[in-house]
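Single-letter residue listing:
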Amino acid sequence: MAGNKVYRASTTAPVNIAVVKYWGKRDAKLNLPTNSSLSVTLSQADLRTLTTASCSASYSDGDSLMLNGEPSDISGARTQACFRELRARRAALEASNPSLPKLSTLPLKIVSENNFPTAAGLASSAAGFAALVQAIANLYELPDSPSELSLIARQGSGSACRSLFGGYVAWRMGDKEDGSDSMADLVAPASHWPNMRALILVVSAAKKGVSSTSGMQQTVATSGLFQQRIAQVVPANMDLMEQAIKAKDFAKFAEVTMRDSNSFHACCADTYPPIFYMNDVSRAAIRAVESINAKAGRTIAAYTFDAGPNCVVYYLEEDAPTVLGAFAGVLNGVSGWKEDSVSAQSGAKLEDGIA
Ligand code: DP6
């Protein structure tokens, strides 16, 4: 009997920003993607979710989740899938080692907080589900590797499977029907290319109009361009991106990042009815990056946009004065920037792993 004892474990998980985007599900129930994707993990000093998981027989109201101080609904299929899979793994451990406390049957209490404003419009589901899965895995003392846990986090939110690692992370789409090979792995640790930096331009703090989940379903159902993206564009970009990262070739990394973001947003525009995530300020950011690269005479900055107008610019530490200086000039010089209240979260470093 576990009695009224409270068992507890905490963890943090980082935000990741894809440079080859996940967009499209081949199986919505298991959350299996139509293509592989690759992301860069941001520093936890700047953006992370801190989650504490506890369980106790004294939690009389059953499972619960608090998100940024507010009670959150846990009845959704995604959260339930994560709880179910983690409990099953703990139950298997308990079955093979009867001296372990029976935590798998106790109610869970999850408390989760972001260190960045949720209103900033930055994707938080990736860090959120990664932290939830890792915190419960720690609580249950599961021996599973980050790749094995990524199978569970994927079912919470696809992009979450890439937030169980630091550095440069690939989510391999897999081809098994049960999804048992659709998992993330480490392409390179952050220490491999430690001078990589990310500038986040918060173009709009508003919640996105079309959620990723429903937007990608509409694209899969209606876009012809999307078929070309998953058959040709993404497989080529995955190869090129892995080569660029291994060779620390920033110009190649940047070109693939920008082309892949363009391809993803072109598929959104090709969706019927069309989906527009970028706005005039986003497009001005693209022009600013082009002008930075043209002035430098080489590619020193790369833009990418997720399912919203906010811009992430990748650059190398040694080019920080040029890139940040140019953006400061643009932010001050163009009236549209001021009107759209752009705020910059600058210089996020990359780092390894989950704390
Ligand atoms: C544009 O991971 O939020 O950020 O699996 O439905 O939860 P669900 O989708 P989600 O989609 C992220 C889409 C993206 C690209 C990416 O992160 O790869």
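The preceding data block contains the structure.
Cut-off values and rules
- One numbering rule holds for all chains: residues counted from 1, following each sequence as written.
- Since the coordinates come from a predicted model, pLDDT governs what is reported: local features require at least 70, and pairs of side-chain atoms require 80 or more to be given and counted, while whole-chain, interface and lining totals use all residues.
- Side-chain numbers come from the whole structure's heavy atoms, not from hydrogens or water.
- Secondary structure elements follow DSSP: runs of H or I no shorter than four residues count as helices, runs of E no shorter than two count as strands, and numbering proceeds from the N terminus.
- Burial classes: relative accessible area under 20% of the type maximum marks a residue as buried, over 50% as exposed, and values in between as partly exposed (1.4 Å probe, protein chains only).
- Note on definitions: a residue-residue contact is assigned when non-hydrogen atoms from the two residues lie within 4.5 Å.
- To obtain each axis, a line is fitted to C-alpha atoms, and for helices this fit is confined to the stretch in contact; angles are then taken between N-to-C directions over 0 to 180 degrees.
- The cut-offs work like this: below 35 degrees is roughly parallel, past 145 is roughly antiparallel, 65 to 115 is roughly perpendicular, and the gaps in between are oblique.
- Any residue outside Ala, Val, Leu, Ile, Met, Phe, Trp, Tyr, Cys, Pro, Asp, Glu, Lys and Arg is labelled polar, Gly included; the first ten of those are nonpolar and the last four are charged.
- In this description, the term disulfide denotes a pair of cysteine sulfurs within 2.5 Å.
- The pairing criterion for strands is at least two bridges between them, as found by DSSP.
- Any residue with a heavy atom positioned within 4 Å of a molecule or strand is treated as near that molecule or strand.
- Side-chain atoms alone can form a polar contact between residues adjacent in sequence; in general such a contact is a pair of N or O atoms within 3.5 Å, and within protein one must be able to donate a hydrogen while the other accepts it.
- Method for areas: the Shrake-Rupley scheme with a 1.4 Å probe, in which residue coverage is limited to the protein chains shown.
- Throughout, a crossing is termed right-handed when the near helix is turned clockwise from the far one, and left-handed when it is turned anticlockwise from it by less than a right angle.

Colleague: Which parts of the structure should I look at to understand the environment of Ala 326?
Modeller: Within the fold, Ala 326 resides in helix α8 (residues 320-333). A relative accessible area of 25% means that Ala 326 is categorised as partly exposed. Between the alpha carbons of Ala 326 and Val 289 there is a distance of 8.7 Å; along the sequence they are 37 residues apart. Ignoring sequence-local partners within four residues, the contact set of Ala 326 consists of Ile 292 and Pro 321.

Colleague: Is there a simple way to explain the environment of Glu 70 in this structure?
Modeller: Structurally, Glu 70 is set in strand β8 (residues 70-72). Between the C-alpha atom of Glu 70 and that of Ser 211, which follows or precedes it by 141 residues, the distance is 21 Å.

Colleague: What exactly am I supposed to notice about the packing of helix α1 (residues 77-96) against helix α3 (residues 146-156) here?
Modeller: When two helices pack together, you describe them by how their axes are tilted relative to each other and by the distance separating the axes. For the pair α1 and α3, interaxial distance at closest approach is 7 Å and the crossing angle is 155°. Between α1 and α3, the crossing angle belongs to the class labelled roughly antiparallel. Contacts from Arg 78, Ala 81, Cys 82, Glu 85, Leu 86 and Arg 89 in α1 reach Glu 148, Leu 149, Ile 152, Gln 155 and Gly 156 in α3. In terms of residue class, the contact of α1 with α3 is made up of five nonpolar, two polar and four charged.

Colleague: Can you help me understand the state of the cysteines in this one?
Modeller: Working definition of a disulfide: a covalent bond connecting the sulfur atoms of two cysteines. Evaluated as defined, the whole model comprises zero disulfides. Free cysteine Cys 82: the closest other cysteine sulfur is in Cys 161, separated by 11 Å. For Cys 82, a relative accessible area of 0% gives the class buried. Given the relative accessible area of 0%, Cys 161 is considered buried.

Colleague: Explanation requested: the sheet that holds strand β7 (residues 64-67) in the structure shown.
Modeller: Backbone hydrogen bonds are what pair the strands of a sheet, in a parallel or an antiparallel way. Read across the open sheet, the five strands follow the order β1-β6-β9-β7-β8; overall the sheet is mixed. On the outer flanks of this sheet lie β1 (7-14) and β8, each paired with one strand and no other. Within the sheet, the average angular offset between the axes of one strand and its neighbour, ignoring direction, is 20°. Of the strand pairs in this sheet, β7 and β8 are connected by three bridges, and their pairing is antiparallel.

Colleague: Sorry if this is basic, but what is going on with unusual backbone geometry here?
Modeller: Glycine aside, negative phi is the norm for most residues, and most peptide bonds take the trans geometry. Residue Pro 273 is bonded to the preceding Tyr 272 through a cis peptide linkage, with omega at -5°. Inspection of the secondary structure puts Pro 273 in the loop between α6 (250-269) and α7 (280-296). Within the chain, Glu 141 stands out as a residue other than glycine whose phi angle is a positive 50°. If you trace the backbone, Glu 141 turns up in the loop between α2 (125-139) and α3.

Colleague: What should I look at first to understand the site of the ligand in this one?
Modeller: By nearness alone, 18 residues border the ligand, and Tyr 22, Lys 25, Ser 157, Ser 159 and Thr 213 come closest of all. Between the ligand and Ser 157 there is a distance of 2.7 Å, counted from an oxygen atom to a side-chain nitrogen or oxygen. Interatomic distance of 2.6 Å between a side-chain N/O atom of Ser 159 and an oxygen atom of the ligand. Coverage of the ligand by the protein chains reaches 94% of its 460 Å² of free accessible surface.

Colleague: Help me understand the sheet that holds strand β11 (residues 183-188) in this model?
Modeller: The strand order across the open sheet formed by four strands is β2-β5-β10-β11, and the pairing between neighbours is antiparallel. Looking at which strands have only one partner, the edges of the open sheet turn out to be β2 (16-20) and β11. Here the strands of the sheet are splayed against their neighbours by 35° on average, with no regard to which way each runs. In this structure, strand β10 (residues 168-172) lies alongside β11, joined through five bridges in antiparallel fashion. When the sheet's bridge partners are listed, Arg 172 is paired in β11 with Met 183.

Colleague: Help me understand the environment of Leu 103 in this model?
Modeller: Among the secondary structure elements, Leu 103 is positioned in the loop between α1 and β9 (108-114). Excluding its chain neighbours within four sequence positions, the residues that come into contact with Leu 103 are Tyr 7, Cys 55, Arg 90, Glu 94, Leu 139 and Tyr 140.

Colleague: Would you mind going over the side chain of Asn 237 with me for this structure?
Modeller: By the element assignment, Asn 237 lies in helix α5 (residues 225-247). If we ignore the near neighbours within four places in the chain, the residues touching Asn 237 are Val 20, Val 256 and Asp 260.

Colleague: Would you mind going over the pairing of β7 with me for this structure?
Modeller: In the case of a regular strand, side chains alternate between the two sheet surfaces. Examined bridge by bridge, β7 and β9 share four bridges and lie parallel to one another. Across the sheet, the residue bridging to Ser 64 is Lys 109, located in β9. The hairpin turn running from β7 into β8, its antiparallel successor, is two residues long, and Asn 68 in that turn takes a positive phi close to 50°.

Colleague: Got a minute to help me understand the packing of α1 against α2 in this structure?
Modeller: As a packed pair, α1 and α2 sit with axes 10 Å apart at the nearest point and diverge in direction by 25°. Looking at the two axes, α1 sits roughly parallel to α2. Relative to α2, α1 is oriented so that their crossing is right-handed. Contacts between α1 and α2 pair Arg 78, Thr 79, Cys 82, Phe 83 and Leu 86 from the former with Phe 129, Leu 132, Val 133, Ile 136 and Ala 137 from the latter. Considering only residue class, the contact of α1 with α2 consists of eight nonpolar, one polar and one charged.

Everything listed here is a matter of coordinates, which is why it stays silent on function.
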